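# Report on the structure
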Amino acid sequence: MTAMDPILRPSGSRAVLIDGKAAAARVDAAAREGALALAERLGRKPCLAVVLVGEDPASQVYVRNKIRRTESAEMTSREHRLPASVSQDEVLALVARLNADAHVDGILVQLPLPAGLDATRVVQAIDPAKDVDGLTAASAGALVLGAPGLRPCTPSGCVYLAREALGELSGRHAVVIGRSILVGKPAALLFLQADCTVTLAHSRTRDLPALARQADILVAAAGRPGMVGVDWIKPGATVIDVGINRVDGPDGSSRLVGDVDFEGALATAGYITPVPGGVGPMTIAMLLVNTLAAAARRAGLDLPEPAARMLTS
Ligand code: GUN
């Protein structure tokens with residue numbers, strides 16, 4: 001893949017911006033084409049069920065966007081909203097109903113869940129065949145084994161964007177900062193699957209800046225605004241910024257920033273994802289492809305092209 005078209009070089013800077021919004025639009029279009037083709041074979045549209053518990057404002061925005069883009073991609077969405085006061089058993093009962101519903105291809109439980117609910121138990125109750133978040137033990141095990149399975153969406157988006165910038169990833173040193181189940185751990189495994197040499201770093205890693213400086217591909221997924229300074233980046237490295245942090249400005253306004261000191265990094269990196277407009281839009285794009293893949297696999301069909309090419313492993 002040599003996708004130089006989505007990439008823009010801002011004047012006066014060294015780094016080339018990786019346009020995640022444009023990449024996501026292309027993946028969404030492929031998912032839509034695949035959904036239309038699959039719907040003819042299934043006799044219905046592929047269907048994603050999204051479960052939102054409580055009133056977390058950020059989660060409400062994410063879920064709204066997931067539903068909007070699912071429907072734009074010619075798939076059916078089902079939104080299940082539950083109050084924060086719901087019991088663990090009620091959430092598990094809903095997941096069991098969705099598991100048993102033959103017309104539901106993908107199930108996503110938006111995280112975090114409100115205090116008092118056990119997110120691990122809820123997520124692990126999802127049928128792995130419908131696990132479009134790639135978070136069940138079966139999906140994680142398949143990723144470790146390099147066996148077919150549904151991969152977590154945000155890390156898949158990271159690999160997709162690194163390929164857009166660099167083409168072949170084989171042999172490159174990827175340093176992933178952050179070891180969350182949602183991003184860091186699966187990202188390390190996906191870059192390994194792409195034949196990178198992988199270092200998984202975290203808050204206890206010694207001399208993190210020196211380690212980060214060894215990276216050809218630096219994935220920042222620590223959730224700490226501006227943590228990755230310019231002196232953490234090897235000249236010419238590809239920087240994938242997964243951070244989405246809301247910070248308050250001096251005038252009381254707020255803005256989104258990543259985990260990377262973006263202005264500083266522009267002078268040093270070879271390629272960099274902006275925040276917003278980098279990794280963020282890719283998460284939903286990969287969710288759409290996973291929903292399509294789940295629908296195809298459940299029906300014993302191949303995932304149609306071009307969507308099949310969008311899968312990272
Ligand atoms: N909350 C933030 N990101 C995600 C995600 O990728 N999946 C789910 N289920 N919840 C999230």
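Just above sits the structure.
Residues numbered from 1 in each chain as written. Predicted model: local features only at pLDDT ≥ 70, side-chain atom pairs only at ≥ 80, totals over all residues. Heavy atoms only, no water.

## Notes on unusual backbone geometry
Going from V275 to P276, the amide bond is cis rather than trans, its omega being -5°. Residue placement: P276 occurs in the loop between β11 (271-272) and α10 (279-298). With phi around 70°, D195 is a residue other than glycine that occupies positive phi space. At D207, a position not held by glycine, the phi torsion is positive, near 45°. By secondary structure assignment, the location of D207 is in the loop between β6 (197-201) and α8 (208-212). The class of D207 is exposed, set by a relative accessible area of 52%. (Helix = DSSP H or I, 4+ residues; strand = E, 2+ residues; numbered from the N terminus. Buried < 20%, exposed > 50% of the residue type's maximum accessible area, 1.4 Å probe, protein only.)

## Things to note about the layout of surface pockets
Counted as a void, the largest pocket has a volume near 1300 Å³. Y62, T154, I244, G280 and T283 are, among the 47 residues lining the largest pocket, the residues nearest its centre. Looking at the lining of the largest pocket element by element, the count peaks at eight residues for helix α2 (residues 57-72). Its residues assigned to classes, the lining of the largest pocket comprises 25 nonpolar, twelve polar and ten charged. In this structure, the second largest pocket encloses a volume near 300 Å³. In this structure, the second largest pocket is lined by 16 residues; those nearest its centre are Q124, L135, A140, I181 and L182. (1 Å grid on protein atoms, 1.4 Å probe; cavity = no way out; pocket = protein on both sides within 12 Å on 5 of 7 lines; lining within 4 Å. Points joined across faces, edges and corners; volume = space filled by probe spheres on them. Nonpolar A, V, L, I, M, F, W, Y, C, P; charged D, E, K, R; others polar.)

## Looking at the pattern of salt bridges
According to the stated counting rule, one finds ten salt bridges in the structure shown. Ionic pairing is found between E305 and R309, a salt bridge with its closest N-O pair at 3.2 Å. Judged by its relative accessible area of 47%, E305 is partly exposed. Taking the relative accessible area as the measure of exposure, R309 reaches 57% and is therefore exposed. One salt-bridge network, in which partners are shared between bridges, spans R32, K45 and E74. (Salt bridge = Lys/Arg side-chain N within 4 Å of Asp/Glu carboxyl O.)

## Section: the environment of K234
Looking at the element boundaries, K234 is found in the loop between β7 (217-220) and β8 (238-241). Looking at K234, the relative accessible area reads 29%, which means it is partly exposed. When near neighbours in sequence (up to four residues on either side) are disregarded, K234 contacts R213, Q214, A215, D216 and T268. Within polar-contact distance, the side chain of K234 engages the side chain of D216 at 2.7 Å. (Contact = heavy atoms within 4.5 Å. Polar contact = N/O pair within 3.5 Å; in protein donor to acceptor, adjacent residues only side chain to side chain.)

## Here we look at the sheet that holds strand β4 (residues 106-109)
With parallel pairing, the three strands of this open sheet are ordered in space as β3-β2-β4. With partners counted over all chains shown, the strands left at the sheet margins are β3 (76-82) and β4, one partner each. Averaged over all adjacent pairs, the angle separating strand axes in this sheet is 15°, with direction ignored. The pairing of strand β2 (residues 47-53) with β4 spans four bridges and is parallel. (Pairing = 2+ DSSP bridges. Axes fitted to C-alpha atoms, helices over the stretch in contact; angles between N-to-C directions.)

## A short note on helix α1 (residues 20-42)
When the terminal C-alpha atoms of α1 are compared, their 31 Å separation across 23 residues agrees well with the 33 Å that a helix rising 1.5 Å per residue should span. Taken residue by residue, α1 has G20, A23, A24, V27, D28, A30, A31, G34, A35, L38 and A39 as its buried positions. Check the buried side of α1 and you find it contacts α2, α6 (153-166), α10 and α11 (307-310). (Expected span 1.5 Å × (residues − 1).)

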